[in-house]
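The lines below spell out each chain.
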Amino acid sequence: LAKTTQPISMDSYEGQEVNITCSHNNIATNDYITWYQQFPSQGPRFIIQGYKTKVTNEVASLFIPADRKSSTLSLPRVSLSDTAVYYCLVGDGGSQGNLIFGKGTKLSVKP
Amino acid sequence: GAGVSQSPRYKVAKRGQDVALRCDPISGHVSLFWYQQALGQGPEFLTYFQNEAQLDKSGLPSDRFFAERPEGSVSTLKIQRTQQEDSAVYLCATRDRANSPLHFGNGTRLTVT
């Protein structure tokens, strides 16, 4: 099972770009990398998913190097409402079940 | 509904009572996951269904925990003889196929007194 390691917390200011890196050294060939955002009293919410290189959507970008042993979530121009916990999840590898969450990164955005 | 629905939203149980937590998945989502989230921690995997088949229950912490999904849709997580350490948020997530993102409900917060 691919274990993930992320910084416990990060601080930023409104309008800055935030990059959160996740390490997943034993990622399997078939595994995708998915990032979720969680606000208090809510379930995690999907942000972005990728397999390799770069993926961009309307809220974030995901950078994955060629060896796929890490990934970086990039949030452009954060606002106070981006204060949340961000989780990196690596799976499926064919097993489909047992998708493991790490401890996540608590992002605090200050005015 | 458009999303995963969980009920009740909050549950208070006295130690030793049995509880049942319900998850209504998004229509057509064949995969269903249960997670337990303690305060300040990430979600911990409990069990996984594909349709009505429980394919992985390796995360269930004890034999007091039981999950079912008899018709491949609604799922129930049952906890027998609740203990204080069972206090947590229980999250349900579903998805329509392998490698697609998980869709989470807002969870049931269980407090055992």
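The residue numbers shown here count from 1 along each chain, following its written sequence. Chains and ligands are labelled by the order in which they are written, letters from A for the one and numbers from 1 for the other. Where local features are concerned, this predicted model is filtered to residues with pLDDT of at least 70; where side-chain atom pairs are given and counted, the filter is 80 or more; whole-chain, interface and lining totals use all residues. Hydrogens and water molecules were not included; the side-chain quantities draw on all heavy atoms of the structure.

**A few points about the sheet that holds strand β8 (residues 84-91) of chain A**
Residue and element names in this part refer to chain A. Here, any two strands with at least 2 DSSP bridges between them count as paired. The way it works is that DSSP assigns letters per residue, a run of H or I at least four long becomes a helix, a run of E at least two long becomes a strand, and they are numbered from the N terminus. Read from one edge to the other, the open sheet built from 5 strands follows the order β1-β9-β8-β3-β4, with strand pairing classed as mixed. Only two strands of the sheet have a single neighbouring strand rather than two, namely β1 (9-13) and β4 (45-50). Each neighbouring strand pair of the sheet contributes to a mean axis angle of 25 degrees, computed without reference to strand direction. The pairing of strand β3 (residues 32-38) with β4 spans 5 bridges and is classified as antiparallel. Angular values range over 0 to 180 degrees, each being the angle between N-to-C directions of two axes fitted as lines to C-alpha atoms, with helices fitted over their stretch in contact.

**A word on the interface of chain B and chain A**
Residues are treated as being in contact if the distance between any of their heavy atoms lies within 4.5 Å. On the chain A side, the residues contacting the 24 residues of chain B number 22 residues. Buried area adds together the accessible area that both of two parts lose upon being put together, with accessible area traced by a 1.4 Å probe. Both sides together, the interface formed by chain B and chain A hides about 1,700 Å², and carbon and sulfur atoms give 47% of it. Any carboxyl oxygen of Asp or Glu within 4 Å of a side-chain nitrogen of Lys or Arg constitutes a salt bridge here. Remark: the boundary between chain B and chain A carries 0 salt bridges. Any N or O atom pair separated by 3.5 Å or less is treated as a polar contact, with the protein-specific requirement of one donor-capable and one acceptor-capable atom, and with residues adjacent in sequence counted only for side-chain atom pairs. Where chain B meets chain A, there are 8 residue pairs in polar contact (both at pLDDT 80 or more). Of all elements in the fold, only β4 (31-37), β5 (44-50) and β9 (88-95) of chain B reach the threshold of two or more residues within the side of chain B that touches chain A. If you tally residues by element for the side of chain B that touches chain A, the top one is β4(B), at 4 residues. Classifying every residue of the side of chain B that touches chain A gives 10 nonpolar, 10 polar and 4 charged. Polar here means any residue outside two lists: the nonpolar Ala, Val, Leu, Ile, Met, Phe, Trp, Tyr, Cys and Pro, and the charged Asp, Glu, Lys and Arg; Gly therefore counts as polar.

**Brief notes about the sheet that holds strand β6 (residues 61-64) of chain A**
Residues and elements named next belong to chain A. Strand order across the open sheet formed by 4 strands is β2-β7-β6-β5, with antiparallel pairing between neighbours. Taken across any chain shown, the strands that pair with only one partner, and hence form the sheet edges, are β2 (18-23) and β5 (53-56). Averaged over all pairs of adjacent strands, the angle between their axes in this sheet comes to 15 degrees, without regard to strand direction. Here 6 bridges tie β2 to strand β7 (residues 70-75), and the two strands are oriented antiparallel to one another. Considered in β7, the bridge of Thr21 is made with Thr72.

**Description of the state of the cysteines**
Disulfides are defined as cysteine sulfur pairs within 2.5 Å. Counted under the stated rule, the structure contains 2 disulfides over all chains. Bridging Cys22(A) to Cys88(A), the disulfide has an S-S length of 2.3 Å. In this structure, the disulfide formed by Cys22(A) and Cys88(A) twists by about -75 degrees around the S-S bond and is classed as left-handed. Of the two residues, Cys22(A) sits in strand β2 while Cys88(A) sits in strand β8, which places them 66 residues apart along the sequence. By the burial criterion, Cys22(A) is buried, and Cys88(A) matches it. In this model, Cys23(B) is linked to Cys92(B) through a disulfide, with the two sulfur atoms separated by 1.9 Å. Its S-S torsion of about -65 degrees marks the bond between Cys23(B) and Cys92(B) as left-handed, since a negative value means left-handed. Linking Cys23(B) in strand β3 (residues 19-24) with Cys92(B) in strand β9, this pair joins segments that are 69 residues apart in sequence. Both residues of the pair, Cys23(B) and Cys92(B), count as buried. Throughout, exposure labels follow a simple rule: accessible area from a 1.4 Å probe, protein chains only, divided by the maximum for the residue type, with under 20% read as buried, over 50% as exposed, and the rest as partly exposed.

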